[in-house]
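# Commentary on secondary and tertiary structure
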Amino acid sequence: MSDTFAPAAVLVTGGAGFIGSNFIHNFMAGNPDCRVVNLDILTYAGNLKNLRAVQDNPHYRFVKGDICDAPLVAQLLAEEKIDAVLHFAAESHVDRSITGPEIFVRTNVLGTQTLLEASRAHAATRPAFRYLQVSTDEVYGSLGSEGFFTEETPLAPNSPYSASKAGADLLVRAYFETFRLPTLNTRCSNNYGPYHFPEKLIPLMIHNIMEKKALPVYGDGLNVRDWLHVKDHSAAIERVLKQGKPGEVYNIGGNNEWRNIDIVHLVCDLMDERLGRAAGESRKLITFVKDRPGHDRRYAIDAAKTKRELGWGPSYTFERGIAETIDWYLANQEWVTEIVSGSYREYYQQQYGA
Ligand code: NAD
Ligand code: TYD
């Protein structure tokens, strides 16, 4: 299928985070003439070191700012003649949403509404404009041992994080239905890969194994997640942006279900090999801890629509993806250490102020 949309300038929000930065790398490599403006407030999860490879590219501009700042968003859309908004920015960690839900509503719901409203005004001057909402399979809630989430599955979020993402998705739907803003909505399963913040399962385990620290597994460890390499997610988003039909939702997933405990075992074994430790040594660090409240049991995505209509499919096998990811973390220990020590934040504080 050929592309129907070829933007000359895009606004990426949250491009200093895990998925946004991977998307920018991939997108700029494949679209060297397209201008990319990255709007990111640099929360604890945003890190400009993720973007060193593009920071001097003349087609790239970083703006430190808030997606809830309506005048700033309107100014950027107009002055950069933006053809598409790709909205990645979010508070993204389920555990943080349990201890402090308010910021999730502000950033994920109000931030999305601010972008939609600015996009609505801007789209009136640029008829080919598109708005793409990056969302998650967690909006569908939890599955039992059978079945898959399709785009028709009713939204039934269980955590403050997934509820805020579902609220945002419903606003996206409303802006299409009410205002005919050309929106696209992707919903993806759990991502893994480089630049993943070390509070999430896979990078946390890699880091703790390095440090010989306890590996906290929630509950019985039998919760299931469907893992997709972040580069495959990025490619899918680009495909939806260029070929997707406005008003539609597209599920993205790797058909790659793993129980948490099995992933932790796998990471332990691959790390032992690489660190020259005895087989089984890191598994001894596994510690079962109190379960996450409202912990969704199983996620599994049916991505048949995205494959059928847009010709997208994952390119990474899990075997290759997880091995490359572990090797990336081992080769980039300074990146992890700076995050864990907080020194990267002190730098931004000095550089940009509060
Ligand atoms: P992340 O936490 O790594 O990055 C989020 C980025 O958003 C950070 O750079 C942060 O500074 C920025 N941000 C937060 N609040 C902001 C604000 N008010 N204004 C501007 N920037 C702000 O998140 P991620 O894992 O890269 O996820 C990106 C998107 O993908 C999110 O919308 C998330 O819901 C979605 N998603 C994530 C996964 C996953 O497995 N990580 C899976 C499916 C969907
Ligand atoms: P996470 O990476 O936080 O992603 P999400 O909650 O969005 O799926 O967690 C993935 C799974 O791993 C989830 O079932 C919770 C579990 N988990 C642990 O068992 N221990 C941990 O320390 C973390 C962070 C997660």
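Residues numbered from 1 in each chain as written. Chains lettered and ligands numbered in written order. Predicted model: local features only at pLDDT ≥ 70, side-chain atom pairs only at ≥ 80, totals over all residues. Heavy atoms only, no water.

We count it as follows: UniProt positions are given in the numbering used here, feature names are shortened, and annotations may be inferred rather than shown by experiment.
Naming follows an unreviewed UniProt entry, where the protein chain appears as dTDP-glucose 4,6-dehydratase of Geomesophilobacter sediminis. Taken from UniProt, the Sequence similarities (unreviewed entry) comment for the protein chain reads in full: "Belongs to the NAD(P)-dependent epimerase/dehydratase family. dTDP-glucose dehydratase subfamily." Quoted straight from UniProt, the Catalytic activity (unreviewed entry) entry for the protein chain says "dTDP-alpha-D-glucose = dTDP-4-dehydro-6-deoxy-alpha-D-glucose + H2O".

## Side note on the site of ligand 1
Rules: Residues are labelled near a given molecule or strand when at least one of their non-hydrogen atoms is within 4 Å of it. Two N or O atoms form a polar contact when they lie within 3.5 Å of each other; inside protein one atom must be a possible hydrogen donor and the other a possible acceptor, and for residues adjacent in sequence the pair counts only when both atoms belong to side chains. The Shrake-Rupley method, run with a 1.4 Å probe, gives the accessible areas here. Residue values count only the displayed protein chains as cover. Numbering goes from the N terminus for both helices and strands, where a helix is a DSSP run of H or I of at least four residues and a strand is a run of E of at least two.
Taken together, 28 residues lie near ligand 1, and I19, D40, S92, Y161 and K165 sit nearest. Here a nitrogen atom of ligand 1 and a backbone polar atom of I67 are 3.0 Å apart. Between ligand 1 and K165 there is a distance of 2.6 Å, counted from an oxygen atom to a side-chain nitrogen or oxygen. Coverage of ligand 1 by the protein chains reaches 96% of its 840 Å² of free accessible surface. Secondary structure elements with two or more residues in the shell around ligand 1: α1 (18–30), β5 (130–136), α5 (160–179) and β7 (190–192). A per-element tally of the shell around ligand 1 places β5 first, with three residues.

## A look at the site of ligand 2
Just so we agree on the cut-off: Think of it as three bins: nonpolar holds Ala, Val, Leu, Ile, Met, Phe, Trp, Tyr, Cys and Pro, charged holds Asp, Glu, Lys and Arg, and polar takes everything else, Gly as well.
Within the structure, ligand 2 sits among 17 residues, and E138, P216, R225, R292 and H295 are positioned closest to it. Within the side chain of N260, one N or O atom sits 2.9 Å away from an oxygen atom of ligand 2. Within the contact set of ligand 2, an oxygen atom lies 2.7 Å away from a side-chain nitrogen or oxygen of H295. Protein chains bury 96% of the 510 Å² of accessible surface belonging to ligand 2 in isolation. Considering each element in turn, the shell around ligand 2 owes the most residues, three residues, to strand β8 (residues 215–218). The residue makeup of the shell around ligand 2, split by class, is seven nonpolar, five polar and five charged.

## Looking at the packing of aromatic side chains
Just so we agree on the cut-off: Side-chain rings of Phe, Tyr and Trp, where Trp is taken by its six-membered ring, are said to pair if the distance between their centres is within 6.5 Å; with planes under 30 degrees apart they count as stacked, over 60 as edge-to-face, and otherwise as tilted. In this scheme, the term charge over a ring applies when either NZ of a lysine or CZ of an arginine sits within 6 Å of the ring centre and within 35 degrees of the ring normal.
For the coordinates displayed, the defined rule picks out 14 aromatic pairs. Their ring planes at 75 degrees and their centres at 5.1 Å tell us that Y192 and F318 sit as a pair that is edge-to-face. Placement of the pair is Y192 in strand β7 and F318 in helix α10 (residues 318–331), with a sequence separation of 126 residues. Taken together, the aromatic side chains of Y195, W328, Y329 and W335 make up a single cluster linked through ring pairs. The ring of Y44 has R96 lying over it, and the distance from NZ or CZ to the ring centre is 3.4 Å.

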